[in-house]
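Below are the chains, spelled out letter by letter.
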Amino acid sequence: MPPNDNRIDARDWSLLAVLSILWGGSFFFNGAALRELPPFTLVFLRVALGAAILLPLLRMHGISLPKSATGWKPFVVIGLLNNVIPFSLIVIGQTFIPSGLASILNATTPLFTVLVMASAGEEALQVRRVAGVALGLAGVIILRGWGVESRTGHGLGILLCLGGAFSYGLAALAARRLLKDSPPLGTATFQLMASTVMMSVVAGAMEQPWRLPMPGIATWLAVLGLASLSTALAYIVFFQILRRSGATNVMLVTLLIPVTAILLGWLVLGEPISMREIAGAIVIGSALLVIDGRAVKMLQRVA
């Protein structure tokens, strides 16, 4: 169960960094795959292949499938709020706005999560945490810039991505209440299986993917990366952090995603890092320290 003081230990900070890399890649993979695939079909492939990758691991770890409709109900709810709705909204949003702006809007997830958890009485609405999340969001904006473009559907794209972030906040609440005793591997697999069924209906009705031309190899590589890294592996890490450190803390990953994306660009692609990006990263780091709380307490003791 998550700690009562809402702090994160060193292990979960490390897992958050890993998760930020895995989920940060989803914006790149989405952008590449959307060149040849419509959004609902892409989401269907993401969850279906993610579930297929995880299914063999269930047998290896001796985890059984739920045996009744009641047993599947929590995973249907989580799949809807954590996959079907946000994946669809964000992918459609990315057809109207750049990936960079989509990642900034995704970084509002911790703020929505704080508000949702407080409204439901699950976590106290602490001034420190709200201020820290707001500071972190400001850091993301500094680091990435708004990337605003005057193009048709831009406002709609923003609203869709914000809707996805809000859905993630609701999913965190549902997972907190419904999945307390479920192992992370089982939770990740079962919610993806439930999402696959739902997305097969949506994609089949809206886009009829069997009528689409066969995508190229680059698109299939993007889909495979999206399913294996940004979905299957990412959700195992996500639910591990959720069980240990709580819903609000795990959603802090969305503040880290833009930082890791820029660092990867520098390390792997040799892309330069500007002073604006350094300043944004420093603000985000400061925000995480404020949210964690230990640094603030240390300063208070020194004072």
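This is a predicted model, so every value here is computed, not measured.

Engineer: Could you give an account of the packing of helix H2 (residues 39–60) against helix H9 (residues 217–245), with specific residues and numbers?
Structural biologist: Here H2 crosses H9 at 55 degrees, and the two axes come no closer than 8 Å. Classified by the angle between their axes, H2 and H9 sit oblique to one another. In this structure, H2 meets H9 at a crossing whose hand is right-handed. From H2, Leu-42, Leu-45, Arg-46, Leu-49, Gly-50, Ile-53 and Leu-54 reach across to H9, where they touch Trp-220, Val-223, Leu-226, Ala-227, Ser-228, Ser-230, Thr-231, Ala-232 and Ile-236. Considering only residue class, the contact of H2 with H9 consists of 11 nonpolar, four polar and one charged.

Engineer: Now, about the nonpolar core: what can you tell me, with residues and values included?
Structural biologist: By size, the foremost hydrophobic cluster in this structure holds 79 residues, and its most contacted members are Leu-19, Trp-23, Leu-42, Tyr-235, Phe-238, Phe-239 and Leu-255. The element that contributes the greatest number of residues to this core is H9, accounting for 11 residues. Those residues in contact with Phe-239 that lie beyond four places of it in its chain are Ile-78, Asn-82, Leu-179, Pro-184, Thr-187, Ala-188 and Gln-191.

Engineer: Give me the pattern of salt bridges: which residues, what numbers.
Structural biologist: When the charged atoms of two side chains with opposite charge come close together, those side chains can pair. Summed over the entire model, instances satisfying the criterion amount to one salt bridge. Among the ionic pairs, Arg-244 bridges to Asp-12, the shortest N-O distance being 2.9 Å. You can see Arg-244 sitting in helix H9 and its partner Asp-12 sitting in helix H1 (residues 10–33), a full 232 residues away along the chain. Arg-244 gets classed as partly exposed once you look at its relative accessible area, which sits at 24%. Judged by its relative accessible area of 0%, Asp-12 is buried.

Parameters and conventions
Throughout this description, residue numbers start from 1 for each chain and increase along the sequence as written. Per-residue local features are limited, in this predicted model, to residues with pLDDT of at least 70; the limit for side-chain atom pairs, both in listing and counting, is 80 or more; totals at the level of whole chains, interfaces and linings are taken over all residues. With hydrogens and water excluded, all non-hydrogen atoms of the structure serve as input to the side-chain values. Fitting a line to C-alpha atoms yields each axis, with helices limited to the stretch in contact; the angle taken between N-to-C directions then spans 0 to 180 degrees. Only DSSP runs of H or I covering at least 4 residues are called helices, and only runs of E covering at least 2 are called strands; the numbering of each starts at the N terminus. Working rule for angles: under 35 degrees goes down as roughly parallel, over 145 as roughly antiparallel, 65 to 115 as roughly perpendicular, anything else as oblique. By the definition used in this description, the sense in which the near helix is turned from the far one sets the handedness, with an anticlockwise turn below a right angle giving left-handed and a clockwise turn giving right-handed. In this analysis, two residues are considered to be in contact whenever any of their non-hydrogen atoms come within 4.5 Å of each other. In this classification, Asp, Glu, Lys and Arg are treated as charged, Ala, Val, Leu, Ile, Met, Phe, Trp, Tyr, Cys and Pro as nonpolar, and every other residue, Gly included, as polar. What is meant by a nonpolar core is a set of buried Ala, Val, Leu, Ile, Met, Phe, Trp, Tyr and Cys residues, joined one to another through side-chain atoms within 4.5 Å. Relative accessibility thresholds used throughout: buried, under 20% of the residue-type maximum; exposed, over 50%; partly exposed, between the two (1.4 Å probe, protein chains only). One side-chain nitrogen of Lys or Arg within 4 Å of one carboxyl oxygen of Asp or Glu is enough to make a salt bridge.

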